[in-house]
Amino acid sequence: MTDDGIQALIDRLHEEAQQRRDPAETPDVGIIMGSDSDLDTMAGAFEALSELDFAEQTDFAEAPEARFSYESYVVSAHRTPELMYAYGETATDRGLDVIIAGAGGKSADLPNMTASIAYPVPVIGVPVQEKSVDSVLGMPTGAPIVAVDAGKSYNAALSAVQVLSREHEQLRERLVEFHESQKGGVAEVSRDLHDLGIEAFRKKHHDDS
Ligand code: RP5
């Protein structure tokens, strides 16, 4: 994208921040990633949020019907530092309650820089690759970030909803229900593995044909 394109995005973020919209109508979770090549890894976050009935908000002026929503942008710490700054700086006024930031490479600076700029909005960092873990976690004392293991964007979304659930009882209930459904899944495979025996279990659960 050209400089003009980046400036237009920066202007858009600032204009949205000035609107002081009702927080119920702004995205609750902001998802940013260093490159669109991170999208497959970050898809776990979209998946988890969808499972918890969050909707994607693609127009800041038009909230989806669902009460809770997320938005996403590509923001590169190294290629578009001005955009990263604008995103972090406007986070509170744009109504974001928590940010999930993913980046790859050995110098994955987007999560930690965004955590510093958006502070005190909590940022959950996703190292897109194994080699990104140290740079995402490596914050100095007094500059906090929460981070998940490499590629665990799904868990980043669950953590984001945990943050939101302190304020929204319905999200607490959704998280508890989600956890219960996981228990149910383990119960089913455990029972089947024992009762059917290994061969029949494999046929039932792992045989796609
Ligand atoms: C990082 O560099 C991005 O987060 C991505 O993981 C990696 C490669 O980016 P591209 O060259 O594919 O845009 O900043």
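One can find the structure itself at the top, above this paragraph.
What comes next is a walk through the structure.

Rules behind the numbers
Residues numbered from 1 in each chain as written. Predicted model: local features only at pLDDT ≥ 70, side-chain atom pairs only at ≥ 80, totals over all residues. Heavy atoms only, no water. Near = heavy atom within 4 Å. Polar contact = N/O pair within 3.5 Å; in protein donor to acceptor, adjacent residues only side chain to side chain. Areas by Shrake-Rupley, 256 points an atom, 1.4 Å probe, with all protein chains shown as cover. Nonpolar A, V, L, I, M, F, W, Y, C, P; charged D, E, K, R; others polar. Buried < 20%, exposed > 50% of the residue type's maximum accessible area, 1.4 Å probe, protein only. Helix = DSSP H or I, 4+ residues; strand = E, 2+ residues; numbered from the N terminus. Pairing = 2+ DSSP bridges. Right-handed = clockwise from strand over helix to strand, strands pointing away. Salt bridge = Lys/Arg side-chain N within 4 Å of Asp/Glu carboxyl O.

1. Examining the site of the ligand
Turning to step 1, where the next piece is worked out: The immediate surroundings of the ligand are formed by Gly34, Ser35, Ser37, Asp38, Arg79, Ala103 and Gly104.
Turning to step 2, where the next piece is worked out: Between an oxygen atom of the ligand and a side-chain N or O atom of Ser37, the distance comes to 2.7 Å.
Turning to step 3, where the next piece is worked out: In the complex, the protein chains occlude 64% of the 360 Å² of accessible area that the ligand would expose alone.
Turning to step 4, where the next piece is worked out: Looking at the shell around the ligand residue by residue, the class counts come to 1 nonpolar, 4 polar and 2 charged.

2. So, the pairing of strand S5 (residues 123-127)
Turning to step 1, where the next piece is worked out: Most of S5 is tucked away: 5 of the 5 residues are buried.
Turning to step 2, where the next piece is worked out: Residue alternation in S5 divides its side chains into two sets, Val123, Gly125 and Pro127 and Ile124 and Val126, and both sets are buried.
Turning to step 3, where the next piece is worked out: Where strand S4 (residues 98-103) meets S5, 5 bridges bridge the pair, whose relative direction is parallel. For Ala103, the partnering residue across the bridge sits in S5 and is Pro127.
Turning to step 4, where the next piece is worked out: Once you follow S4 into helix H4 (residues 110-118) and on to S5, the crossover reads as right-handed.
Turning to step 5, where the next piece is worked out: With 2 bridges joining them, S5 and strand S6 (residues 146-147) adopt parallel strand pairing. Bridge assignment links Gly125 to a residue of S6, and that residue is Ala147.

3. Considerations on the environment of Ser50
Turning to step 1, where the next piece is worked out: Note that Ser50 resides in helix H2 (residues 39-51).
Turning to step 2, where the next piece is worked out: Between the C-alpha atom of Ser50 and that of Tyr70, which follows or precedes it by 20 residues, the distance is 9.6 Å.

4. Some thoughts on the pattern of salt bridges
If the charged atoms of two oppositely charged side chains come close together, the side chains can form a pair.
Turning to step 1, where the next piece is worked out: Throughout the structure, instances matching the rule amount to 9 salt bridges.
Turning to step 2, where the next piece is worked out: Linking Arg20 and Asp93 is a salt bridge whose minimum nitrogen-to-oxygen distance equals 3.4 Å. Taken together, the residues Arg20 in the loop between helix H1 (3-18) and strand S1 (29-33) and Asp93 in the loop between helix H3 (81-90) and S4 connect sequence positions 73 residues apart.
Turning to step 3, where the next piece is worked out: Across the pair Glu199 and Arg202 runs a salt bridge whose closest N-O atoms are separated by 3.9 Å. Highlighted residues: Glu199 and Arg202, both in helix H8 (residues 198-206), separated by 3 residues, approximately one helical turn.
Turning to step 4, where the next piece is worked out: What you see here is one network of salt bridges that share partners, running through Glu16, Glu71 and Arg94.

5. Digging into the sheet that holds strand S2 (residues 55-56)
Turning to step 1, where the next piece is worked out: Within the open sheet, the 6 strands sit side by side as S2-S3-S1-S4-S5-S6. Their pairing is parallel. A strand with exactly one partner marks an edge of an open sheet, and here the two such strands are S2 and S6.
Turning to step 2, where the next piece is worked out: As defined by bridge partners, S2 adjoins strand S3 (residues 69-74) across 2 bridges and the pair is classed as parallel. Counted as the bridge partner of Ala55 is Ser69 from S3.

Scope: geometric values only; no functional claims are made or implied.
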